[in-house]
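Structure assessment
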Amino acid sequence: MMKARYSMDWYYPVLCGAVTGSDARARIDRSWEKFVMPDWGVRCVSDQPWVTTAEAAELVLALTALGESDRAAIVFHWVCDKRFDDGSYWTGSPFPTG
């Protein structure tokens, strides 16, 4: 199985602290365009047309751990409106159709 298509294999080493500092920033930057869909969130799988709230939230935590709070806030903002009336978040969303 190709793990490179899953976003969690991209940001988890940063999230858990296995990769830090400039190596972590380089890792995040290297695959940003592959997984991050501006204004939508984060793809769970790079070759599928959907984003998930969980992946976006975990990337926010990884970015925060890197000290990149501005970028973390941007990603978090993208998922804030993806909620049900009871306040719970959507599991995910297809894009660009929403």
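Anything mentioned here points back to the structure above.
Here the structure is a predicted model, which means the values were calculated and not measured.

1. A short note on the environment of Val14
For Val14, the location among the structural elements is in helix 1 (residues 7-15). Sequence separation of Val14 and Asp81 is 67 residues, and the distance between their C-alpha atoms is 26 Å. Those residues in contact with Val14 that lie beyond four places of it in its chain are Val19, Ala24, Arg27, Ile28, Ala62 and Leu66.

2. Some details on unusual backbone geometry
Of note in the backbone geometry, Asp39 takes a positive phi value of approximately 75 degrees without being a glycine. Note on Asp39: relative accessible area 58%, which makes it exposed.

3. Examining helix 2 (residues 21-35)
With 15 residues, helix 2 should reach 21 Å at 1.5 Å per residue; the first-to-last C-alpha distance of 21 Å fits that figure. A bend of about 25 degrees at Asp29 is the largest found in helix 2. On the buried face of helix 2, the contacting elements are helix 1, strand 1 (36-37), strand 2 (41-43), helix 3 (53-65) and helix 4 (69-80).

Rules used throughout
Residues numbered from 1 in each chain as written. Predicted model: local features only at pLDDT ≥ 70, side-chain atom pairs only at ≥ 80, totals over all residues. Heavy atoms only, no water. Helix = DSSP H or I, 4+ residues; strand = E, 2+ residues; numbered from the N terminus. Contact = heavy atoms within 4.5 Å. Buried < 20%, exposed > 50% of the residue type's maximum accessible area, 1.4 Å probe, protein only. Expected span 1.5 Å × (residues − 1). Bend = angle between axes of the 7 residues up to and from the residue.

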